[in-house]
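Reading the structure
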Amino acid sequence: MTSWIKPVMVDKQKLDKLYDRYNHRKYVSPDPLQFLYNYPRAEDREIVGFIASSLAYGRVAQIIKSVSAVLDRLGPSPHDFLLDLSDSNIKGMFSGFKHRFTTEDEVEFMLACLRNALKKYGSLNNCFLEGYSVRQENVLQPLLKFISRVTCRPGSFCNSLFPSASGSSALKRLNLYLRWMVREDDVDPGGWQGIEASKLIVPLDVHMHRISKQLGLTCRKQADMKTAMEITLAFKNICPRDPIKYDFALTRLGIKKDGYIF
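Residues numbered from 1 in each chain as written. Predicted model: local features only at pLDDT ≥ 70, side-chain atom pairs only at ≥ 80, totals over all residues. Heavy atoms only, no water.

Describing the packing of aromatic side chains
- If you walk through the whole model with that rule in mind, you get 14 aromatic pairs.
- Residues Phe50 and Phe162 carry aromatic rings whose centres are separated by 5.8 Å and whose planes lie at 45° to one another, so their mutual orientation is tilted. Placement of Phe50 in helix 2 (residues 42–54) and of Phe162 in the loop between helix 8 (140–151) and helix 9 (172–182) is noted, with a sequence separation of 112 residues between them. This pair shows no difference in class: Phe50 is buried, exactly as Phe162 is.
- Within the aromatic cluster, the residues linked to one another by ring pairs are Phe50, Phe109, Phe128, Tyr132, Phe146, Phe162, Tyr177 and Trp192.
- Looking at Arg21, its charged tip hangs above the ring of Tyr22, at a distance of 5.1 Å from the centre.
- The lysine or arginine in question, Lys245, covers the ring of Tyr19, its NZ or CZ lying 4.6 Å from the ring centre. (Phe/Tyr/Trp six-rings, centres within 6.5 Å; stacked < 30°, edge-to-face > 60°. Helix = DSSP H or I, 4+ residues; strand = E, 2+ residues; numbered from the N terminus. Buried < 20%, exposed > 50% of the residue type's maximum accessible area, 1.4 Å probe, protein only. Lys NZ or Arg CZ within 6 Å of the ring centre and 35° of its normal.)

Quick word on the packing of helix 6 (residues 104–121) against helix 8
- It is the contact of helix 6 with helix 8, at a shortest axis distance of 8 Å, that shows an interaxial angle of 100°. Taken together, the axis directions place helix 6 and helix 8 in an arrangement best described as roughly perpendicular. Contact with helix 6, carried on its side by Phe109, Cys113, Leu114 and Tyr121, involves Arg149, Val150 and Thr151 of helix 8 and no other residues of that element. (Axes fitted to C-alpha atoms, helices over the stretch in contact; angles between N-to-C directions. Parallel < 35°, antiparallel > 145°, perpendicular 65-115°, else oblique. Contact = heavy atoms within 4.5 Å.)

Topic: unusual backbone geometry
- A cis geometry characterises the amide bond from Ser29 onward to Pro30, with omega recorded as 0°.
- Looking at where Pro30 falls in the secondary structure, it is placed in the loop between helix 1 (12–22) and helix 2.
- Its identity is not glycine, yet Arg100 carries a phi of approximately 50°, on the positive side.
- Considering the arrangement of structural elements, one finds Arg100 in the loop between strand 1 (98–99) and strand 2 (102–103).
- One non-glycine residue with positive phi stands out, namely Leu171, at about 50°.
- Position of Leu171 among the secondary structure elements: in the loop between helix 8 and helix 9.

Brief notes about the nonpolar core
- With 85 residues, the main nonpolar core has Ile51, Leu124, Phe146 and Trp192 as its most contacted residues.
- If you tally residues by element for this core, the top one is helix 6, at nine residues.
- Filtering out sequence-adjacent residues up to four positions away, Trp192 remains in contact with Glu46, Leu124, Asn125, Phe128, Phe146, Tyr177, Leu178, Met181 and Val182. (Core = buried A, V, L, I, M, F, W, Y, C linked by side-chain atoms within 4.5 Å.)

Topic: helix 8
- Along its 12 residues, helix 8 runs 17 Å from first to last C-alpha, staying within 8% of the 16 Å computed at 1.5 Å per residue.
- Across the 12 residues that make up helix 8, a large majority, nine, are buried.
- Within the span of helix 8, buried status applies to Leu140, Pro142, Leu143, Leu144, Phe146, Ile147, Arg149, Val150 and Thr151.
- On its buried face, helix 8 is in contact with helix 2, helix 6, helix 7 (124–129), helix 9 and helix 11 (225–238).
- Where helix 8 ends, the next residue or the one after it, Cys152, has phi of about 55°, a positive value. (Expected span 1.5 Å × (residues − 1).)

Given below as structure tokens:
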């Protein structure tokens with residue numbers, strides 16, 4: 001167990017009630033997760049999930065617009081499209097694209113990285129499993145290796161779509177991607193094999209950080225990886241096999257104004 005983590009217990013009955021209330025697909029939209037439901041094949045869904053989670057920063061309306069702009073150009077099978085894509089075809093493909101800090105060059109670089117990973121490993125799932133072991137406590141180290149492997153860059157490499165594989169970042173968008181691809185319920189569509197949900201880390205953003213402090217899951221002021229680990233362990237004390245089960249339902253608090261009080 002990591003030394004900085006202090007286990008915290010919260011009311012499981014209330015969390016289960018919240019999960020039952022909000023963990024339904026009808027509460028997803030507007031959310032970048034909604035795009036994954038349009039792709040029944042796991043090989044397409046893992047590509048769509050990576051793109052959608054990578055662009056999941058900023059105002060939700062702009063996120064939806066930007067993800068749509070990328071996916072519309074990839075056709076009905078993003079997996080097949082990328083495998084047929086050449087470097088010459090990628091260049092200029094997203095001319096004029098802009099999503100907050102993300103430029104057209106960064107989107108084109110991301111697609112080139114995904115294409116190369118597919119050709120080398122067969123799938124992004126296989127690419128992740130290359131650095132994964134069931135003996136590991138959580139997915140942090142495999143996740144860092146995954147990013148380095150996909151980008152073929154050292155740990156210090158960073159742009160708006162690929163976080164640095166070093167430092168203290170909570171890696172919120174990548175942990176969100178893993179939640180979508182590893183878990184499978186009415187909200188998370190799944191598709192990846194060989195990774196236990198018990199190893200996942202909570203996708204920590206400002207909203208989730210605030211809720212976690214209110215629930216007594218953490219006292220830390222920084223929304224960094226240490227805090228994400230602390231919150232994850234608190235959930236693991238409640239649901240060892242699926243510690244981030246409650247993530248989606250908790251993020252609905254404050255978004256859906258229907259009178260439900262936690």
